[in-house]
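So the chains spell out like this:
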Amino acid sequence: MSDLAGIKFSIKTTFLVKAMAVYMAFGLMERENQRARRRERVFRDRTNPLDLWTDQQMYAKYRFSRLACINIIDMLQDELEHRTRRNHALPPSLQVFIALRFFGHGSVTDDSGAEPHGVSIPTACRAVRRVTKALWQRQNQFIKFPTTPEEVQQKQRDFMVIQGFPRVVGAIDGTHIRLTNVALGPTEYVYVNRKGFYSINVKLVCDAKYRILNVVARWPGSTHDSRILQESRLGHAFRDGQLQGILLGDSGYALKPWLMTPSGIPQTPAEQAYNSAHRTTKALIEHLNGQLKNKFLCLGGTGPRVRTAEKVCDIITACCVLFNISKDDHIQEPYNHMPDDDNPAPEAAADDDVYGTAVRNDIVCNFFTQFLWLAIESSAEKHPTISQKLCVANGSMTITFLARIFTLDHGLAVFSEGS
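Residues numbered from 1 in each chain as written. Predicted model: local features only at pLDDT ≥ 70, side-chain atom pairs only at ≥ 80, totals over all residues. Heavy atoms only, no water.

Moving on to the overall build of the chain. Helix and strand counts for the chain stand at 15 helices and seven strands. Across the 419 residues in the chain, those meeting the buried criterion constitute 46%. Pairs at least 24 apart in sequence give 67% of the contacts found in the chain among residues at least 6 apart. For the chain, the exposed surface amounts to about 23,200 Å²; the carbon and sulfur share of it is 53%. (Helix = DSSP H or I, 4+ residues; strand = E, 2+ residues; numbered from the N terminus. Buried < 20%, exposed > 50% of the residue type's maximum accessible area, 1.4 Å probe, protein only. Contact = heavy atoms within 4.5 Å. Areas by Shrake-Rupley, 256 points an atom, 1.4 Å probe, with all protein chains shown as cover.)

Dropping the structure here:
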């Protein structure tokens, strides 16, 4: 019996040893298969645009000159620098170039669908986000409204030479940035504007030299322009008397003592001159909207291709910061207004402010009426027939003159003959 038990024990031992060997062999084979299936990380060769492109190519690809790109990189160096160089972390310079190309062209990929800087698309998207946040944090450094008397007077002089409109420190308007494939949640209906598409309604104020003085990029597209201004810090500051001067806006805004809108139905040549000067001066903000969307194509067309409305708002502010930086780049931007089909016509605002009406009447009477009489007297010296058209009736001046001659002499709007 002992021999039989020994034989059984030997058989069991041999079986267990073989089973263990087979199990270990399968384990080794599985580990080798996993190692073979595991994709090894491949670090692509990355390009340095500063060494690769000419000055003209740099501007075409990144919308900034070589020197301006270097200045932006130096400015954002600390915010973009990674703590370590593990996993070949992107240097700040490459992050900036990736973001500038996205802002300028609206996509991180080129026409072939590849990322042109030698990084993966997820890495490029993270770089865009980091640069966007860094620029957003510097908005108060580059987007400033004039506060000191010297700054206010300089802005007023700059506007005055355009068409003679007095006391203006800024022109205000709204523009819509489309939202495409953006997760808006259960309140997505508030982002639908009057033209029927999803958008962010952006309030912009500019000076006479096409610099952005104020930007509010956080309201959904259905919000009225007048409400955005009313709820903004700029509106509160003007109402509280903290800011000097006046703004020029279209009929979508309510008339305020500090916000001049066009006269609805001008009755006199002075009111027509007021509307003409208002229209020409206020057109600067429309030009700026066209320049902004033409320079940064991510704001035009379908809008920035990101996932949330918050990120879209951050990108809009970052582009406004870069736009003001570009004004120091001494690159001449086209001033012609680019038609903005995404910006609906102004919707009628609330009733005009009584004090605002008084201020507008004061400007018309004390400035444009006197201006017209001085201009007419000058024209009468050149064209004696003009003097025959001037008369005084019932204690009030009745002005009738030849519009074409007056326009040729003074470059103002064409007025029809009348009293």
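Read on for the rest.
Now for the pairing of strand S2 (residues 199-206). Within S2, eight of the eight residues are buried, leaving the element largely enclosed by the surrounding structure. The alternating pattern of S2 places Ser 199, Asn 201, Lys 203 and Val 205 on one face and Ile 200, Val 202, Leu 204 and Cys 206 on the opposite face, and all of these are buried. Pairing geometry for strand S1 (residues 168-178) and S2, over eight bridges, is antiparallel. Within S2, the position partnered with Asp 173 by the bridge is Leu 204. Looking at chain direction, S2 and strand S3 (residues 212-220) are connected through six bridges and run antiparallel. For Val 205, the partnering residue across the bridge sits in S3 and is Asn 214. Following S2, the chain reverses through five residues before pairing antiparallel with S3; Tyr 210 in that reversal takes a positive phi of roughly 60 degrees. (Pairing = 2+ DSSP bridges.)

So, about the pattern of salt bridges. Under the defined criterion, the tally for this structure stands at eight salt bridges. The partner of Asp 314 in a salt bridge is Arg 129, and the shortest N-O contact between them spans 3.1 Å. Linking Asp 314 in helix H12 (residues 309-326) with Arg 129 in helix H6 (residues 121-136), this pair joins segments that are 185 residues apart in sequence. Overall, Asp 314 belongs to the buried group, its relative accessible area being 13%. For Arg 129, a relative accessible area of 25% corresponds to the partly exposed category. Between Asp 173 and Lys 282 there is a salt bridge whose closest N-O contact spans 3.5 Å. Here Asp 173 is found in strand S1, whereas its partner Lys 282 is found in helix H11 (residues 269-295), with 109 residues between them in sequence. (Salt bridge = Lys/Arg side-chain N within 4 Å of Asp/Glu carboxyl O.)

Within the secondary structure layout, Thr 123 lies in helix H6. Placed 25 residues apart in sequence, Thr 123 and Ile 98 show a C-alpha to C-alpha distance of 9.8 Å. A polar contact is formed between the side chain of Thr 123 and the side chain of Ser 120, at a distance of 2.8 Å. (Polar contact = N/O pair within 3.5 Å; in protein donor to acceptor, adjacent residues only side chain to side chain.)

A word on the packing of aromatic side chains. Two numbers describe a pair of aromatic rings. These are the distance of the centres and the angle of the planes. Counted under the stated rule, the structure contains nine aromatic pairs. Centroid distance Phe 238 to Trp 258: 5.1 Å. Interplanar angle 15 degrees. Geometry classified as stacked. You can see Phe 238 sitting in helix H10 (residues 233-239) and its partner Trp 258 sitting in the loop between strand S4 (246-248) and strand S5 (259-260), a full 20 residues away along the chain. Of the two residues, Phe 238 and Trp 258, neither departs from the other in class, the shared state being buried. Among the aromatic residues, ring-to-ring pairing joins Phe 165, Tyr 274, Phe 367 and Phe 368 into one connected group. We note Lys 295 situated over the ring of Phe 64; from NZ or CZ to the ring centre the distance is 5.0 Å. (Phe/Tyr/Trp six-rings, centres within 6.5 Å; stacked < 30°, edge-to-face > 60°. Lys NZ or Arg CZ within 6 Å of the ring centre and 35° of its normal.)

Let us look at the side chain of Ser 232. Position of Ser 232 relative to the elements: it lies in the loop between helix H9 (225-231) and H10. According to the relative accessible area criterion, Ser 232 is buried, its value standing at 4%. Here Leu 229 takes part through its backbone oxygen, which lies 2.8 Å from a polar atom of the side chain of Ser 232. Excluding residues within four positions of it along the chain, Ser 232 makes contact with Lys 203 and Val 216.

Together, Met 20, Tyr 23 and Met 24 give the surface a local cluster of nonpolar side chains, amounting to about 410 Å² of exposed area. The residue Tyr 23 is located in helix H1 (residues 2-37) in this model. Tyr 23 sits in the exposed class, given a relative accessible area of 67%. (Patch = residues over 30% accessible without salt bridge, like charges linked within 9 Å, V, L, I, M, F, W, Y side chains within 5 Å.)

This brings us to the nonpolar core. Grouped together as the largest cluster of nonpolar side chains are 79 residues, with contacts concentrated most on Phe 103 and Phe 296. A total of 12 residues in this core trace back to one element, the largest contributor, which is H12. Setting aside chain neighbours within four positions, we find Phe 103 in contact with Val 128, Thr 132, Leu 135, Phe 296, Leu 297, Cys 298, Ile 315, Ala 318, Cys 319 and Leu 322. The next biggest cluster of nonpolar side chains, apart from the first, holds 15 residues, and it includes Phe 145, Val 152, Ile 172 and Leu 229. (Core = buried A, V, L, I, M, F, W, Y, C linked by side-chain atoms within 4.5 Å.)

With that settled, the discussion passes to the confidence of the model for the chain. Scored by pLDDT, the chain has a mean of 81; 75% of the residues are at 70 or more. Overall, residues 385-419 carries pLDDT values under 50, and its contacts beyond four positions in sequence, including any with other chains, amount to 63 contacts. (pLDDT = per-residue confidence, 0-100.)

Turning our eyes to something else, we now look at the sheet that holds S4. Strand order in the open sheet formed by five strands is S3-S2-S1-S4-S5, and the pairing between neighbours is mixed. Here the strands that pair on one side only, and so sit at the sheet edges, are S3 and S5. With two bridges joining them, S4 and S5 adopt parallel strand pairing. Within the sheet, the bridge partner assigned to Leu 248 lies in S5 and is Met 260. On top of the sheet, H11 reaches S1, S2, S3, S4 and S5; it is set at about 45 degrees to S1, its chief contact. Where H12 meets the sheet, it contacts S1, S2 and S3, and its direction lies at approximately 170 degrees from that of S3. (Axes fitted to C-alpha atoms, helices over the stretch in contact; angles between N-to-C directions.)

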